[in-house]
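Letter by letter, the chains look like this.
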Amino acid sequence: MDPLEILRKRLEELRSQINTKRSRATEILGMKTEDLTDALMTEASNLRKELAADQSRAADIEAQIKDEEAEAARREARQAAQVEHGSVPTPEARGVGGARVTKEERTYTRDKTARGETSFFADAYRSQFMGDQAAAQRLARHGQEQAVEGEDVSARATTTGSFAGLVPPQYLVDLYAPIQRNGAPMANLLDSLPLPPTGMTVSIPRATTGAAVAAQATENSALQNTDEVWADLQVPVRTIGGQQDVSRQSLERGTPGIDLIVFRDLAAAYYAELDRQIIAGSGASGQMLGITQTVGIYQASAYTAAATAQTFYVKGAGVLAAVAGAGTEIVPKFWLMHPRRWYWLTAQVDSQGRPLATPLATGPGNAMAVNTYPGGTSADGGQQPPMPVGIYHGLPVYLDANVPTSVGTGPEDLAIAGDPSKGYLWEDNNGVPRQLKFEQTLGQNLTVKLVLFNYAAFTAGRYPAAFGVAGGNSGAGFGQVAPTF
């Protein structure tokens, strides 16, 4: 068995272990509050730690597999080139002179960047703004390496404000894109679908009139006859980018490690914006139409005073009742809250000063909520779907700092519940931002803006009733306003 097969087998075994542990953790967190013992919560906590460690090992193995696959592709490319030029050595001649083929290192690597030998961002800047031919040659070689290893990005009709650009090195994508995606909990709750290779619109069917059945009134009488009516839902493909200001000095002087720092910040900005638009995108000015802006989602009735634990609980029940009653295939499966709303809830106490949202399962069986992960966030552990921090109305609660907090005249934050299988997200490049461009701004400050972007489309419009919201429609000072701790 060659090294690549060994790595793949090891990764397959590790993924199987991860799935088993994740299923067990999900099973525990989905239990009724009265059934959650301390032993079970301790088991869930241990599983969470083990999952984080296993996923880190899996990421390392995946990186090794990609290195091995890239090396195999390079060998094949070299052999093809030798055949094309008629210079394929015979088996007898390959050993003459003691020459042998060794692994050819890529132009841009993590080690080279850390040592200050090469910098993708510095070369891109020098090539574009300084006419550096050596930098341009390194970028061209980098492009050839990506073509050999299948890392090209798709071409898509777009405006001049978002033209296709350079593709960052694979090691940066492998290092930081999966990590930074943990900052997009709502996006991670959805199943990501691949975008079609071309076009700026995704079309999906939507039934506007469904089939109907009824009892036959009498023998030989006509049966119910209702024709289904379908229409196409047009979902625009959007360009989403993160940007970062970098000093010219850092790029021109080739500060060691600048690539790692810049790409990490860019990826974080990209995923935060993707997540924000899925939640509350306006549908205008190039934004996706988010869940909270989609016509037809359920909106809980307005508060008549600042939210209390009781009124918040009642509004939540109303949201779940509406979503659960929307259709036989629609089942509410999650709560999404801003951290300030969840920790406000965990701060609520009864007349004796006891918490209404009990930490773990140590409280009474009639607790309003269970805080299964005290002090945690949904980004912990690198899981997808993200890590729930508690249970509310029997459903897992996910924290997302991208949930808006200044909606309406309250102004209020929102609490969102729904069925994630009824939201549709399409992404290019498996959801990894892979295209880069430079814009020289603030020239008087010697500042250059780097933009990392990707293409995505989202809609909750096929089944809008699968989502509901509490908050955002109350009077000034009422409802889910900023809490005081």
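For the structure itself, look to the data block above.
Residues numbered from 1 in each chain as written. Predicted model: local features only at pLDDT ≥ 70, side-chain atom pairs only at ≥ 80, totals over all residues. Heavy atoms only, no water.

Chemist: I'm lost on the nonpolar core in this one. Help?
Modeler: Generally speaking, a soluble globular protein has its nonpolar side chains buried in company with each other. Counting residues in hydrophobic clusters, the biggest one holds 68 residues, and the most contacted among them are Met186, Leu274, Ile278, Trp335, Leu336 and Tyr392. Excluding residues that lie within four positions of it along the chain, Met186 makes contacts with Asp275, Ile278, Ile279, Ile291, Phe334, Leu336 and Asp400. (Core = buried A, V, L, I, M, F, W, Y, C linked by side-chain atoms within 4.5 Å. Buried < 20%, exposed > 50% of the residue type's maximum accessible area, 1.4 Å probe, protein only. Contact = heavy atoms within 4.5 Å.)

Chemist: Could you clarify how one ought to interpret the packing of aromatic side chains in this entry?
Modeler: The description of an aromatic ring pair rests on the distance of the ring centres and on the angle between the ring planes. Within the structure shown, the criterion is met by seven aromatic pairs. Within the aromatic cluster, the residues linked to one another by ring pairs are Phe312, Tyr313, Trp335, Trp344 and Tyr392. The positively charged end of Lys315 is found above the aromatic ring belonging to Tyr303, 5.3 Å away from the centroid. One residue, Arg341, lies across the ring of Trp344, its end atom 4.6 Å from the ring centre. (Phe/Tyr/Trp six-rings, centres within 6.5 Å; stacked < 30°, edge-to-face > 60°. Lys NZ or Arg CZ within 6 Å of the ring centre and 35° of its normal.)

Chemist: Honestly, the sheet that holds strand S10 (residues 395–399) in this entry has me stumped. Any pointers?
Modeler: One open sheet accounts for eight strands, arranged S5-S15-S11-S6-S10-S9-S8-S7; its pairing is mixed. Only two strands of the sheet have a single partner each, and these edge strands are strand S5 (298–299) and strand S7 (357–359). As defined by bridge partners, strand S6 (residues 334–337) adjoins S10 across three bridges and the pair is classed as parallel. Residue Trp335 lies in a different strand from S10, and its bridge partner there is Val397. (Pairing = 2+ DSSP bridges. Helix = DSSP H or I, 4+ residues; strand = E, 2+ residues; numbered from the N terminus.)

Chemist: What's the story with the pattern of salt bridges in this structure? I'm lost.
Modeler: Charged atoms that come close allow side chains of opposite charge to pair. Within the structure shown, the criterion is met by twelve salt bridges. A salt bridge links Arg57 to Asp54, with the nearest nitrogen and oxygen atoms 2.1 Å apart. With Arg57 and Asp54 both in helix H2 (residues 38–84), this residue pair falls three residues apart, about one helical turn. Note on Arg57: relative accessible area 42%, which makes it partly exposed. A residue is classified by how much of its surface remains accessible, and Asp54, at 2% relative accessible area, is buried. A salt bridge links Asp419 to Lys333; the shortest N-O distance between them is 3.9 Å. (Salt bridge = Lys/Arg side-chain N within 4 Å of Asp/Glu carboxyl O.)

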